[in-house]
Amino acid sequence: MGVTTVTDVRPASVSADGGVLHTLFRTEQGGHEQVVLCQDRASGLKAVIAIHSTALGPALGGTRFHAYASEEEAVLDALNLSRGMSYKNALAGLDHGGGKAVIIGDPEVIKTEELLLAYGRFVASLGGRYVTACDVGTYVADMDVVARTNKWTTGRSPENGGAGDSSVLTAFGVFQGMRASAQHQWGDPTLRGRKVGIAGVGKVGHHLVEHLLQDGAEVVITDVRAESVDRIRAKHPQVTAVADTGTLIHTEGLDVYAPCALGGALNDDSVPALTAKIVCGAANNQLAHPGIEKDLSDRGILYAPDYVVNAGGVIQVADELHGFDFDRCKAKATKIFDTTLAIFARAKADGIPPAAAADRLAEHRMAEGRRA
């Protein structure tokens, strides 16, 4: 097993415009402390661990297992996701910086016990600078395996001393953010009588459906996996399903759009087509590129910053490091309502989009942490 820092990557491995190294060292999206490329030929593991910041404490973030189109795409995703975790952890009030790992490949094809154990050894080699957990493509059972070779693992099963599935509190936090958005937009912190469209009803999205139905909302869903839609419809036949995200965002009378799948959902194609007045969902990195947040604001669409409202899961896994208590975590996740409202108020006072206001508040906390 060997560890390669990003500074060891040869220039030939990046594109003519600078590629990954340009992003890391010369753009605002960079600024990462450390990027580690991991390879274990015996198990087939190829992974990237990105540590964006340890200003507030050890970097904390999940492990994404995904079949990327290229290694460069995987590195860039790790950079973006880890940066987002720094901001998320800062606004969640956690004493953690931001980190993220991605394992390259289709988890349904290459995920094995040997591969996960090898991945755990790479994380352990960082000596606690990075604490890992679940993300897209990884589950509680996977973290139980990783923990066998890495003590800096959260999101484990209760049987193995962990907190279990973090998607429960992630969905709860998104719901709190949605309630705050409704309060700001319509003067009432409820989704009763509102039509909410959810793109992605997997680990987090299906829990969000439950909260919304209990609150009296009308729910419309879509997912690339038919079985995920069928599970919701079998339990809640009153939920409407549509073919795809394009159909969802054009749904007549849609009040809230909740992207709960992969990132980049808010882009140059989707934003002009949105009919909803609020965007609030669980997906990470929803803004496809800088400037989209202004496009949303110019159209009068209230955007609840993703890394603020989806922080319930990281609140849970962080608590696991100190002896998990669900009620304590839920109380912390409930505060996402107040944090979201504070961001909207700051945005209005400063005349900037909510995403920019959230960034300013997070950057202020990280700067204070560096000076401490």
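What comes next is a walk through the structure.

**Here we look at the overall build of the chain**
Okay, so step 1: Of regular secondary structure, the chain possesses 16 helices and 13 strands.
Okay, so step 2: Expected size for 372 residues packed as a compact globule is a radius of gyration near 21 Å; at 20 Å, the chain falls within 12% of this value.
Okay, so step 3: With respect to the principal axes defined by its C-alpha atoms, the chain has extents near 55 × 45 × 40 Å.
Okay, so step 4: The proportion of buried residues among the 372 residues of the chain is 54%.
Okay, so step 5: In the chain, of all internal contacts separated by at least 6 residues, the share reaching a separation of at least 24 is 66%.
Okay, so step 6: Counting only carbon and sulfur atoms, one obtains 50% of the accessible surface of the chain, whose full area is about 15,600 Å².
Okay, so step 7: Side-chain charges of the chain comprise 36 positive and 44 negative groups, with the mean position of each set lying 4 Å from the other.

**Quick word on the packing of helix α14 (residues 326-334) against helix α15 (residues 336-350)**
Okay, so step 1: One way to put it is that α14 packs onto α15 with a least axis distance of 4 Å and a crossing angle of 20°. Compared by their axis directions, α14 and α15 come out roughly parallel. For the pair α14 and α15, contact is made by Lys332, Ala333 and Thr334 and by Ile336, Phe337 and Asp338, respectively.
Okay, so step 2: Among the residues making up the contact of α14 with α15, the classes are represented as 3 nonpolar, 1 polar and 2 charged.

**What to know about the nonpolar core**
Okay, so step 1: One finds Met178, Leu191, Ile198, Leu208, Val209, Leu212 and Ile221 to be the most contacted residues of the largest nonpolar core, which totals 30 residues.
Okay, so step 2: If you list the elements that add at least two residues to this core, you get α6 (167-186), β8 (195-199), α7 (205-214), β9 (218-222), α8 (226-235) and β11 (256-259).
Okay, so step 3: Here this core gets 5 residues from one element, more than from any other, and that element is α6.
Okay, so step 4: Non-local contacts of Leu208, meaning those with residues more than four positions away in its chain, are made with Ala171, Val174, Phe175, Met178, Ile198, Ala258 and Cys260.
Okay, so step 5: By size, the runner-up hydrophobic cluster in this structure holds 23 residues, among which are Val36, Leu45, Phe65 and Leu126.

The rules behind these values
Residues numbered from 1 in each chain as written. Predicted model: local features only at pLDDT ≥ 70, side-chain atom pairs only at ≥ 80, totals over all residues. Heavy atoms only, no water. Helix = DSSP H or I, 4+ residues; strand = E, 2+ residues; numbered from the N terminus. Rg over C-alpha atoms; globule rule 2.2 N^0.38 Å. Buried < 20%, exposed > 50% of the residue type's maximum accessible area, 1.4 Å probe, protein only. Contact = heavy atoms within 4.5 Å. Areas by Shrake-Rupley, 256 points an atom, 1.4 Å probe, with all protein chains shown as cover. Lys, Arg positive; Asp, Glu negative; His and termini not counted. Charge placed at Lys NZ, Arg CZ, Asp CG, Glu CD. Axes fitted to C-alpha atoms, helices over the stretch in contact; angles between N-to-C directions. Parallel < 35°, antiparallel > 145°, perpendicular 65-115°, else oblique. Nonpolar A, V, L, I, M, F, W, Y, C, P; charged D, E, K, R; others polar. Core = buried A, V, L, I, M, F, W, Y, C linked by side-chain atoms within 4.5 Å.

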